[in-house]
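Residues per chain are reported as follows:
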Amino acid sequence: SQTIHQWPATLVQPVGSPLSLECTVEGTSNPNLYWYRQAAGRGLQLLFYSVGIGQISSEVPQNLSASRPQDRQFILSSKKLLLSDSGFYLCAWRRGWAGEQYFGPGTRLTVT
Amino acid sequence: SQKIEQNSEALNIQEGKTATLTCNYTNYSPAYLQWYRQDPGRGPVFLLLIRENEKEKRKERLKVTFDTTLKQSLFHITASQPADSATYLCALDQNNNDMRFGAGTRLTVKP
(Lines give C-alpha, C1' and ligand atoms only; values in the text may rest on other atoms or scores of the structure.)
Protein backbone atom coordinates (compact mmCIF):
# COMPACT_ATOMS: atom_id res chain seq x y z
CA SER A 1 0.00 0.00 0.00
CA GLN A 2 1.00 3.59 -0.49
CA THR A 3 1.88 6.00 2.28
CA ILE A 4 2.86 9.65 2.28
CA HIS A 5 5.01 11.28 4.93
CA GLN A 6 5.58 14.92 5.78
CA TRP A 7 7.88 16.48 8.31
CA PRO A 8 8.09 18.29 10.51
CA ALA A 9 4.53 18.19 11.86
CA THR A 10 4.80 21.66 13.38
CA LEU A 11 7.29 24.46 12.94
CA VAL A 12 7.70 27.92 14.44
CA GLN A 13 10.14 30.12 12.55
CA PRO A 14 11.07 33.81 12.78
CA VAL A 15 10.52 36.18 9.88
CA GLY A 16 13.47 36.13 7.51
CA SER A 17 14.58 32.62 8.37
CA PRO A 18 14.86 29.82 5.77
CA LEU A 19 12.40 26.97 5.37
CA SER A 20 12.60 23.38 4.23
CA LEU A 21 9.62 21.04 4.34
CA GLU A 22 9.94 17.50 3.08
CA CYS A 23 7.44 15.06 1.65
CA THR A 24 8.07 11.46 0.65
CA VAL A 25 5.79 8.85 -0.87
CA GLU A 26 6.17 5.10 -0.50
CA GLY A 27 4.65 2.24 -2.43
CA THR A 28 4.25 3.87 -5.83
CA SER A 29 6.45 5.10 -8.63
CA ASN A 30 6.37 8.22 -10.79
CA PRO A 31 3.57 9.90 -8.85
CA ASN A 32 2.38 13.41 -9.58
CA LEU A 33 3.21 15.44 -6.47
CA TYR A 34 1.58 18.58 -5.12
CA TRP A 35 2.18 21.23 -2.46
CA TYR A 36 -0.85 23.08 -1.07
CA ARG A 37 -1.22 25.75 1.58
CA GLN A 38 -4.34 26.14 3.68
CA ALA A 39 -4.90 29.33 5.64
CA ALA A 40 -7.17 29.15 8.68
CA GLY A 41 -10.78 28.63 7.59
CA ARG A 42 -9.85 28.75 3.93
CA GLY A 43 -9.65 26.30 1.07
CA LEU A 44 -6.52 24.70 -0.27
CA GLN A 45 -4.30 26.84 -2.46
CA LEU A 46 -2.19 24.93 -4.95
CA LEU A 47 1.42 26.15 -4.75
CA PHE A 48 3.45 23.72 -6.88
CA TYR A 49 3.08 20.47 -8.69
CA SER A 50 5.54 18.07 -10.27
CA VAL A 51 5.07 15.35 -12.87
CA GLY A 52 8.63 14.03 -12.65
CA ILE A 53 12.12 14.45 -11.23
CA GLY A 54 13.31 18.01 -11.67
CA GLN A 55 10.00 19.12 -13.20
CA ILE A 56 8.25 21.81 -11.16
CA SER A 57 5.26 23.94 -12.09
CA SER A 58 4.44 26.98 -10.00
CA GLU A 59 0.88 28.15 -9.57
CA VAL A 60 1.34 31.18 -7.36
CA PRO A 61 4.18 33.72 -7.49
CA GLN A 62 5.70 33.97 -4.03
CA ASN A 63 8.90 33.62 -2.11
CA LEU A 64 8.57 29.84 -1.97
CA SER A 65 10.21 27.29 -4.23
CA ALA A 66 9.92 23.55 -4.72
CA SER A 67 12.25 20.81 -5.84
CA ARG A 68 11.93 17.13 -6.69
CA PRO A 69 15.38 15.60 -6.35
CA GLN A 70 14.09 12.01 -6.38
CA ASP A 71 11.02 10.31 -7.83
CA ARG A 72 9.17 10.14 -4.52
CA GLN A 73 10.59 13.15 -2.72
CA PHE A 74 9.17 16.65 -2.89
CA ILE A 75 10.68 19.59 -1.00
CA LEU A 76 9.23 23.03 -0.30
CA SER A 77 11.70 25.78 0.50
CA SER A 78 12.07 29.44 1.20
CA LYS A 79 15.17 31.58 1.64
CA LYS A 80 13.40 34.16 3.80
CA LEU A 81 10.04 33.58 5.41
CA LEU A 82 7.34 36.23 5.60
CA LEU A 83 4.55 36.49 8.16
CA SER A 84 2.09 35.70 5.36
CA ASP A 85 3.76 32.31 4.86
CA SER A 86 2.10 31.00 8.02
CA GLY A 87 -0.38 28.23 7.35
CA PHE A 88 -0.98 24.53 7.06
CA TYR A 89 1.14 22.99 4.31
CA LEU A 90 -0.06 19.82 2.69
CA CYS A 91 1.70 17.49 0.30
CA ALA A 92 -0.35 15.20 -1.93
CA TRP A 93 0.19 12.64 -4.66
CA ARG A 94 -1.83 10.96 -7.33
CA ARG A 95 -1.40 8.75 -10.35
CA GLY A 96 -1.62 10.67 -13.57
CA TRP A 97 -3.28 13.95 -14.38
CA ALA A 98 -6.72 13.29 -12.91
CA GLY A 99 -8.42 11.38 -10.17
CA GLU A 100 -8.26 11.31 -6.42
CA GLN A 101 -5.38 12.83 -4.53
CA TYR A 102 -3.86 11.36 -1.37
CA PHE A 103 -2.73 13.85 1.22
CA GLY A 104 -0.04 13.75 3.83
CA PRO A 105 -0.58 14.68 7.48
CA GLY A 106 0.50 18.29 6.92
CA THR A 107 2.93 20.73 8.50
CA ARG A 108 1.64 23.59 10.63
CA LEU A 109 3.98 26.55 10.04
CA THR A 110 3.85 29.64 12.22
CA VAL A 111 6.06 32.55 11.24
CA THR A 112 6.64 34.96 14.13
CA SER B 1 -13.69 35.28 -12.57
CA GLN B 2 -13.54 31.67 -11.48
CA LYS B 3 -15.31 30.78 -8.26
CA ILE B 4 -16.07 27.71 -6.20
CA GLU B 5 -18.67 28.30 -3.53
CA GLN B 6 -19.67 25.91 -0.82
CA ASN B 7 -22.67 27.83 0.27
CA SER B 8 -22.71 26.90 3.93
CA GLU B 9 -19.70 27.66 6.03
CA ALA B 10 -21.23 25.55 8.79
CA LEU B 11 -24.10 23.10 8.92
CA ASN B 12 -25.62 21.65 12.10
CA ILE B 13 -27.97 18.69 11.93
CA GLN B 14 -29.42 16.10 14.25
CA GLU B 15 -28.15 12.54 14.27
CA GLY B 16 -30.08 10.30 11.89
CA LYS B 17 -31.01 13.10 9.49
CA THR B 18 -29.63 13.57 6.00
CA ALA B 19 -26.95 16.22 5.55
CA THR B 20 -26.90 17.98 2.19
CA LEU B 21 -23.90 20.06 1.22
CA THR B 22 -23.71 22.23 -1.89
CA CYS B 23 -20.88 23.10 -4.22
CA ASN B 24 -21.45 25.70 -6.93
CA TYR B 25 -18.91 26.87 -9.44
CA THR B 26 -18.54 29.49 -12.17
CA ASN B 27 -16.22 29.75 -15.15
CA TYR B 28 -14.86 26.24 -14.79
CA SER B 29 -15.28 23.20 -17.02
CA PRO B 30 -14.38 20.34 -14.74
CA ALA B 31 -13.91 16.86 -16.11
CA TYR B 32 -14.41 15.51 -12.59
CA LEU B 33 -15.73 16.75 -9.31
CA GLN B 34 -14.41 15.31 -6.08
CA TRP B 35 -15.41 15.42 -2.43
CA TYR B 36 -13.01 15.17 0.49
CA ARG B 37 -13.37 15.00 4.23
CA GLN B 38 -10.99 16.95 6.47
CA ASP B 39 -10.73 16.58 10.23
CA PRO B 40 -9.11 19.35 12.31
CA GLY B 41 -5.34 19.40 11.93
CA ARG B 42 -5.34 16.59 9.37
CA GLY B 43 -4.99 16.29 5.63
CA PRO B 44 -8.09 15.84 3.48
CA VAL B 45 -9.26 12.31 2.75
CA PHE B 46 -10.80 11.42 -0.61
CA LEU B 47 -14.44 10.31 -0.50
CA LEU B 48 -16.02 10.28 -3.94
CA LEU B 49 -15.34 11.27 -7.53
CA ILE B 50 -17.98 11.91 -10.15
CA ARG B 51 -17.34 12.44 -13.85
CA GLU B 52 -18.92 15.16 -15.97
CA ASN B 53 -21.05 12.61 -17.82
CA GLU B 54 -22.36 11.03 -14.61
CA LYS B 55 -25.41 12.31 -12.80
CA GLU B 56 -25.09 10.48 -9.53
CA LYS B 57 -22.61 8.35 -7.60
CA ARG B 58 -23.16 6.44 -4.36
CA LYS B 59 -20.89 4.91 -1.76
CA GLU B 60 -22.45 3.44 1.36
CA ARG B 61 -24.26 6.35 3.09
CA LEU B 62 -22.81 8.93 0.72
CA LYS B 63 -24.37 10.21 -2.48
CA VAL B 64 -23.06 12.82 -4.90
CA THR B 65 -24.89 14.45 -7.77
CA PHE B 66 -23.33 16.54 -10.52
CA ASP B 67 -25.27 18.92 -12.73
CA THR B 68 -23.01 20.55 -15.32
CA THR B 69 -25.87 22.71 -16.59
CA LEU B 70 -26.52 24.21 -13.16
CA LYS B 71 -22.77 24.01 -12.40
CA GLN B 72 -23.56 22.41 -9.09
CA SER B 73 -22.82 19.32 -7.06
CA LEU B 74 -24.77 18.12 -4.06
CA PHE B 75 -23.23 15.86 -1.44
CA HIS B 76 -25.56 13.88 0.81
CA ILE B 77 -24.83 11.90 3.95
CA THR B 78 -27.81 9.79 4.95
CA ALA B 79 -28.46 8.52 8.48
CA SER B 80 -25.82 10.94 9.74
CA GLN B 81 -23.77 10.12 12.83
CA PRO B 82 -21.71 12.29 15.18
CA ALA B 83 -18.62 10.62 13.65
CA ASP B 84 -19.53 12.31 10.34
CA SER B 85 -18.73 15.69 11.91
CA ALA B 86 -15.90 17.22 9.87
CA THR B 87 -15.22 19.75 7.15
CA TYR B 88 -16.15 18.62 3.66
CA LEU B 89 -14.35 20.04 0.64
CA CYS B 90 -15.39 19.92 -2.97
CA ALA B 91 -12.74 20.02 -5.66
CA LEU B 92 -12.95 20.67 -9.38
CA ASP B 93 -10.59 18.59 -11.47
CA GLN B 94 -10.01 19.94 -14.95
CA ASN B 95 -7.87 16.98 -15.95
CA ASN B 96 -4.78 19.11 -16.38
CA ASN B 97 -3.19 18.96 -12.94
CA ASP B 98 -5.17 22.07 -12.05
CA MET B 99 -7.44 20.94 -9.22
CA ARG B 100 -9.23 23.71 -7.33
CA PHE B 101 -10.77 23.33 -3.90
CA GLY B 102 -13.66 25.09 -2.27
CA ALA B 103 -13.31 26.57 1.21
CA GLY B 104 -15.33 23.73 2.73
CA THR B 105 -18.44 23.27 4.83
CA ARG B 106 -18.03 22.38 8.49
CA LEU B 107 -20.64 19.77 9.37
CA THR B 108 -21.64 19.10 12.98
CA VAL B 109 -23.93 16.17 13.70
CA LYS B 110 -25.49 16.41 17.14
CA PRO B 111 -26.49 13.31 19.06
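It should be noted that the structure appears before, not after, this text.
Calculation criteria
Residues numbered from 1 in each chain as written. Chains lettered and ligands numbered in written order. Predicted model: local features only at pLDDT ≥ 70, side-chain atom pairs only at ≥ 80, totals over all residues. Heavy atoms only, no water. Helix = DSSP H or I, 4+ residues; strand = E, 2+ residues; numbered from the N terminus. Rg over C-alpha atoms; globule rule 2.2 N^0.38 Å. Buried < 20%, exposed > 50% of the residue type's maximum accessible area, 1.4 Å probe, protein only. Contact = heavy atoms within 4.5 Å. Areas by Shrake-Rupley, 256 points an atom, 1.4 Å probe, with all protein chains shown as cover. Lys, Arg positive; Asp, Glu negative; His and termini not counted. Charge placed at Lys NZ, Arg CZ, Asp CG, Glu CD. Salt bridge = Lys/Arg side-chain N within 4 Å of Asp/Glu carboxyl O. Pairing = 2+ DSSP bridges. Axes fitted to C-alpha atoms, helices over the stretch in contact; angles between N-to-C directions. Disulfide = S-S within 2.5 Å.

Can you tell me about the overall build of chain B, naming the residues and giving the values?
Looking only at helices and strands, one finds 0 helices and 11 strands in chain B. Shown N-terminal to C-terminal, the secondary structure of chain B runs as helices and strands in the order β-β-β-β-β-β-β-β-β-β-β. The C-alpha radius of gyration computed for chain B amounts to 13 Å, which stays within 12% of the reference 13 Å derived for 111 residues, consistent with globular compactness. Overall, chain B is about 40 × 30 × 20 Å in size when its C-alpha atoms are taken along their principal axes. For chain B, the proportion of its 111 residues judged to be buried stands at 47%. Contacts in chain B between residues far apart in sequence, at least 24 positions, make up 54% of those at least 6 positions apart. Just so you have it, chain B exposes about 5600 Å², and 43% of that area is on carbon and sulfur atoms. Both charge centroids of chain B, one from 15 positive and one from 12 negative side chains, sit 3 Å from each other.

Pulling in residues and values, what's your account of the pattern of salt bridges?
Scanning all chains against the criterion turns up 7 salt bridges over all chains. Between Arg68 of chain A and Asp71 of chain A there is a salt bridge, with the nearest N and O atoms lying 3.2 Å from each other. By relative accessible area, which is 2% here, Arg68 of chain A ends up buried. The shortest N-O distance in the salt bridge between Arg61 of chain B and Asp84 of chain B comes to 2.9 Å. With a gap of 23 residues between them, Arg61 of chain B in the loop between strand S6 (56-59) and strand S7 (62-67) and Asp84 of chain B in the loop between strand S8 (72-77) and strand S9 (86-93) connect regions that are remote in the sequence. The exposure class assigned to Arg61 of chain B is partly exposed, which follows from its relative accessible area of 27%.

Describe the sheet that holds S7 of chain B, with residues and values.
Residues and elements named next belong to chain B. Judged by pairing direction, the sheet is antiparallel, and its 5 strands sit side by side in the order S1-S3-S8-S7-S6 without closing on themselves. Both edges of this open sheet fall to strand S1 (3-5) and S6, since each of them pairs with a single strand only. Shown here is a sheet whose adjacent strand axes are inclined to one another by a mean of 15°, direction ignored.

An account of the state of the cysteines is needed here, citing residue identities and associated values.
Scanning all chains against the criterion turns up 2 disulfides over all chains. There is a disulfide in this structure between Cys23 of chain A and Cys91 of chain A, and the S-S distance comes to 2.0 Å. In this structure the cystine formed by Cys23 of chain A and Cys91 of chain A twists about its S-S bond by roughly -75°; its chirality is therefore left-handed. Taken together, the residues Cys23 of chain A in strand S3 (residues 19-26) and Cys91 of chain A in strand S9 (residues 87-94) connect sequence positions 68 residues apart. Residue Cys23 of chain A shares its accessibility class with Cys91 of chain A, and that shared class is buried. Each disulfide pairs two cysteine sulfurs, and for Cys23 of chain B the partner residue is Cys90 of chain B, the sulfurs being separated by 2.0 Å. Disulfide Cys23 of chain B to Cys90 of chain B: torsion about the S-S bond roughly 60°, handedness right-handed. One end of the pair, Cys23 of chain B, is in strand S3 (residues 19-26); the other, Cys90 of chain B, is in strand S9, and 67 residues separate them in sequence. The exposure class assigned to Cys23 of chain B is buried, which follows from its relative accessible area of 0%. By relative accessible area, which is 0% here, Cys90 of chain B ends up buried.

Give me the lowdown on the pairing of strand S5 (residues 45-51) of chain B, citing residues and values where you can.
Residue and element names in this part refer to chain B. Note that strand S4 (residues 32-38) and S5 share 6 bridges and pair antiparallel. Residue pairing in the sheet places Arg37 in a bridge with Val45 of S5. Taking the residues between adjacent antiparallel strands as the criterion, S4 and S5 are bridged by 6 residues, where Gly41 takes a positive phi near 75°.

Break down the sheet that holds strand S1 (residues 3-7) of chain A for me, with residues and values.
Residues and elements named next belong to chain A. The 4 strands are arranged S1-S3-S8-S7 in an open sheet whose pairing can be described as antiparallel. Only two strands of the sheet have a single neighbouring strand rather than two, namely S1 and strand S7 (64-70). Shown here is a sheet whose adjacent strand axes are inclined to one another by a mean of 20°, direction ignored. The pairing of S1 with S3 spans 5 bridges and is classified as antiparallel. Looking at the pairing, Thr3 lines up with Glu26 of S3.

Scope: geometric values only; no functional claims are made or implied.
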